[in-house]
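Results of the structural survey
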Amino acid sequence: MEKILTRNIHRESSQSIEVYESNGGYQALRKALGSLSPDQVTEQVKKSGLRGRGGAGFPTGLKWSFMPKEKSKPHYLLVNADESEPGTFKDRLLMEEDPHLVIEGSMLSAYAMHADACYIYIRGEFVHGTRQMQKAIAEAYQKGYAGKNILGSSWNCELVLHVGAGAYICGEETALMSSLEGNRGWPRVKPPFPAQFGVWGCPTTINNVETLACVPFIIERGAEWFAAIGNDEKNSGPKLYCLSGHVKRPGVYEAAMGLPLLDLINEFGGGMLHDDRPLKACIPGGSSVPVLTAAECDVNLDFDSLAKVGSALGSAGIMVMDSSTCMVKALLRIAHFYAHESCGQCTPCRQGCGWLEDILDRIEHGKGRAEDIDLLKSIADNIEGNTICALGEAAAWPVQSFVKRFRPEFENHVTEGRCVVAAPA
Amino acid sequence: MLGTEFEKAVDEIVARYPEPKAAMLPVLWEVQRAKGWIDGASEDWVAQRLGVSSSHVHGVVTFYTMYKRNPSGKYHIQVCTTLSCMLRGCDELVGHLEKRFKIKIGETTPDGKFSLMRVECLGSCGTAPMFQLNDDYHENLTLDKVDKLLDNLP
């Protein structure tokens, strides 16, 4: 597949507006403002089959269609650039190396939903990305791609970069809104949905960076072209895959949606890091999705294929573990993450995540009891479905899947009082 | 509080939002940039300026991990220890740093030069192990690279 989303990133001064425009940049925005209505833009995105690349895979055009047809309050587009899902680093690449692609995608999408302002919520740790985006936003304003009377039209839309301050939960769309409003990043119960009552009580849509980066291509080359990329029309388009862990060449790789996981590891990733340490497990979609055993890794990386095997594409953060990995230690590290990141609102998550970490810590350090393994499952089962937001599920699914697929390793820790996976020097 | 330049910068920030309270996070960043950390007096000032209670501001400052409530070292080293970095040796890196500075995670060297913190995923899994030193990411670290980097800091 030709490079689409990453076509600019290795070019000299790829971040500058001159380079971006020289490669056809902002033609899609001109086309939309010149010859398409906002609804026509939404129609194209619907037809393309684009699904959200932030984690949930919700059909983007459908999400946009939830915005009110009659405009009675300001409309807002929020760009979720809070990339914090462990294993994920694709949005960072786009913002650092091709910020204008992110801006054009955002402005096109803002046009589609009659937005009065577009706020890009970028995580606080991405200082370099923030600088690139700030520069690019200033360039975009200068050229009339944002602000008042965009490209000479009657449409006004401000483009504002808003920097976060270290909270994974702010990547959850309702927590992002709470944070943008100047509060602790606490998720909100839905309904009401953001399109009805979002930020400052106004109709709001929140989309991921990579999702929006697809939009200029859909408008420029057509929905049918986009829908034809990949193995089936429900899982379409170019996709950025983030490969990390025990492989020779970790990194971001672009391929058609539906790339076989083993091809990502072996062709793109150069194979396992150590030739004598075979694949043991892989988390295919960021730490929140169920882990796969090596045998289950013969699967295509798309939304529906992974759902069929009991996992998910999520944020496409593929974390590869070889035979030297202690699955108890790995799960403990994941559990620590959720315990640390829990916002604290919901008792099952606030108490449950900490409890899971404590039990796993005991098991890892040889103080596990036989009943602890079933207790882990029981706690996870009681967090799942009982929280305001999906961080509950995100904390529960790793525990359920690790225990289900690697139970003997947990039992061994308990009976042996130590880890029996040899950790090489 | 911090001078007219600072207050002008705050005014510009507030103008970007339909409500002053939404300027909370960027204004707190301005305070931290100016003072190095956020103290109680600053929280009170921000509260007044944005039309909220001091307790609301305190709630925000204590929620977000990047706001500092105490002065930290000149060099603030934040080592990522989430799964992908763990798979690529971050625990060894942490041990090495603790030994080099003779401090534990969460502490600052007695001369105030280095603070060492453990943080969650920094979105750099493809270049693990790594750490963030003040504003900058340092990636694909080896113990040698780390020593050279730290030896050469002014």
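Cut-offs used in this document
Residues numbered from 1 in each chain as written. Chains lettered and ligands numbered in written order. Predicted model: local features only at pLDDT ≥ 70, side-chain atom pairs only at ≥ 80, totals over all residues. Heavy atoms only, no water. Buried < 20%, exposed > 50% of the residue type's maximum accessible area, 1.4 Å probe, protein only. Helix = DSSP H or I, 4+ residues; strand = E, 2+ residues; numbered from the N terminus. Contact = heavy atoms within 4.5 Å. 1 Å grid on protein atoms, 1.4 Å probe; cavity = no way out; pocket = protein on both sides within 12 Å on 5 of 7 lines; lining within 4 Å. Points joined across faces, edges and corners; volume = space filled by probe spheres on them. Nonpolar A, V, L, I, M, F, W, Y, C, P; charged D, E, K, R; others polar. Salt bridge = Lys/Arg side-chain N within 4 Å of Asp/Glu carboxyl O. pLDDT = per-residue confidence, 0-100. Buried area = accessible area lost by both parts, 1.4 Å probe. Polar contact = N/O pair within 3.5 Å; in protein donor to acceptor, adjacent residues only side chain to side chain. Pairing = 2+ DSSP bridges. Axes fitted to C-alpha atoms, helices over the stretch in contact; angles between N-to-C directions. Disulfide = S-S within 2.5 Å. Domains from an automatic or database assignment. Patch = residues over 30% accessible without salt bridge, like charges linked within 9 Å, V, L, I, M, F, W, Y side chains within 5 Å. Areas by Shrake-Rupley, 256 points an atom, 1.4 Å probe, with all protein chains shown as cover. Arc of directions from axis to C-beta.

Our focus in this paragraph is helix α8 (residues 173–180) of chain A. Along α8 of chain A, eight of the eight residues are buried, which leaves the element largely enclosed by surrounding structure. Of the positions making up α8 of chain A, those classed as buried are Glu173, Thr174, Ala175, Leu176, Met177, Ser178, Ser179 and Leu180 of chain A. The elements touched by buried residues of α8 of chain A are α4 (60–64), β1 (76–81), β2 (117–122), β3 (158–163) and β4 (204–208) of chain A together with α2 (24–35) of chain B.

Before going further, it helps to examine the side chain of serine 14 of chain A. Residues and elements named next belong to chain A. You can see serine 14 is positioned in the segment before α1 (17–22). You can call serine 14 buried: its relative accessible area is 2%. When residues no more than four places from it in sequence are discounted, the contact partners of serine 14 are Asn8, Ile9, Val19, Glu97 and Asp98.

The next thing to look at is empty space enclosed by the protein. Considering all chains together, one arrives at three cavities of 30 Å³ or more under this definition. Its volume calculated, the largest cavity comes out at about 80 Å³. What lines the largest cavity is a set of 13 residues, among which Cys343, Cys346, Cys349, Cys389 and Leu391 of chain A lie closest to the centre. Residue composition of the lining of the largest cavity, by class: eight nonpolar, five polar and no charged. The computed volume of the second largest cavity comes to approximately 60 Å³. Considering the residues around the second largest cavity, the lining is formed by 14 residues, among which Cys80, Ser84, Cys85, Cys121 and Cys125 of chain B are closest to the centre. Tallied by class, the residues present in the lining of the second largest cavity amount to nine nonpolar, five polar and no charged.

This paragraph deals with the pattern of salt bridges. Working definition: two side chains of opposite charge can pair if their charged atoms are close together. Residue and element names in this part refer to chain A. Enumeration according to the criterion identifies 36 salt bridges over all chains in this entry. Residue arginine 188 pairs with glutamate 181 through a salt bridge whose shortest N-O separation is 2.7 Å. Classification of glutamate 181 by relative accessible area gives buried; the value is 11%. Connected via shared salt-bridge partners are Lys90, Asp91, Glu210 and Lys239.

This paragraph deals with the confidence of the model for chain B. Mean pLDDT over chain B stands at 97; residues scoring 70 or higher make up 99%. Confidence estimates for the predicted assembly give a pTM of 0.98 and an ipTM of 0.98.

The interface is formed by 41 residues belonging to chain B together with 57 residues belonging to chain A. Buried area between chain B and chain A, both sides added, is near 3,800 Å², and the carbon and sulfur share of it is 58%. Viewed at the interface, chain A and chain B are joined by four salt bridges. Here glutamate 139 of chain B ties to arginine 92 of chain A by a salt bridge, and the two come within 3.2 Å at their closest N and O atoms. At the surface where chain B touches chain A, the tally comes to 27 residue pairs in polar contact (both at pLDDT 80 or more). When contributions to the side of chain B that touches chain A are tallied by element, the ones reaching two or more residues are α2, α4 (54–63), α5 (83–87), α6 (90–101) and β4 (136–138) of chain B. Looking at which element gives the most residues to the side of chain B that touches chain A, the answer is α4 of chain B, with five residues. Looking at the side of chain B that touches chain A residue by residue, the classes come out as 20 nonpolar, 11 polar and 10 charged.

Attention now moves to the sheet that holds strand β1 (residues 75–80) of chain B. Residue and element names in this part refer to chain B. Spatially, β2-β1-β3-β4 is the arrangement adopted by the four strands of the open sheet, whose pairing is mixed. Where the open sheet ends on each side, the last strands, each with one partner, are β2 (114–119) and β4. Here the average twist between neighbouring strands, direction ignored, is 25°. Bridging between β1 and strand β3 (residues 131–133) involves three bridges; their strand directions are antiparallel.

One pass over the structure, following the stated rule, counts zero disulfides over all chains. With no disulfide of its own, cysteine 326 of chain A lies closest to cysteine 419 of chain A among cysteine sulfurs, the gap being 3.4 Å.

Residue and element names in this part refer to chain A. Here chain A is described as being made up of domain 1 (17–227), domain 2 (238–322) and domain 3 (327–416). Taken over C-alpha atoms, the centre of domain 1 sits 35 Å from the centre of domain 3. Listed by partner, the interface residues are 12 residues for domain 1 and nine residues for domain 3. In total, domain 1 and domain 3 occlude about 850 Å² of area from one another, counting both sides; carbon and sulfur atoms represent 70% of this. Our count for the domain 1 to domain 3 interface comes out at zero salt bridges. For the side of domain 1 that touches domain 3, a count of residues per class yields seven nonpolar, two polar and three charged.

To continue, consider unusual backbone geometry. Note that the residue after proline 191 of chain A, namely proline 192 of chain A, is joined by a cis bond; omega there is 5°. Inspection of the secondary structure puts proline 192 of chain A in the loop between α8 and β4. Omega for the bond connecting alanine 128 of chain B with proline 129 of chain B falls within 30 degrees of zero, at -5°, which places this linkage in the cis form. By secondary structure assignment, the location of proline 129 of chain B is in the loop between β2 and β3. The backbone of serine 13 of chain A sits at a positive phi, close to 55°, despite the residue not being glycine.

Hydrogen bonds between backbone groups are what pair the strands of a sheet, and the pairing can be parallel or antiparallel. All names here are of chain A. Reading across from one edge, β6-β5-β11-β8-β9 is the order of the five strands in this open sheet, with mixed pairing throughout. Strands with a single pairing partner mark the edges of an open sheet, and in this sheet they are β6 (251–256) and β9 (292–293). For strand β8 (residues 279–283) and β9, the ladder comprises two bridges, and the chain directions are antiparallel. Within the sheet, the bridge partner assigned to alanine 281 lies in β9 and is threonine 293.

All right, on to a nonpolar patch on the surface then. A cluster of nonpolar residues, Phe58, Leu62 and Phe66 of chain A, forms a patch on the protein surface that exposes about 250 Å² of accessible area. When you line up the elements, leucine 62 of chain A lands in helix α4.

As a further point, take helix α3 (residues 38–48) of chain A. All names here are of chain A. When we look at burial in α3, the residues that qualify are Pro38, Val41, Thr42, Gln44, Val45 and Ser48. Buried residues of α3, seen end-on, are gathered within an arc of 155° and therefore sit on one face of the element. Where α3 is buried, its residues touch α2 (27–35), α4, α6 (99–112), α9 (209–221) and α10 (223–227). Following α3 by one or two positions, glycine 49 adopts a phi angle in the positive range, close to 80°.

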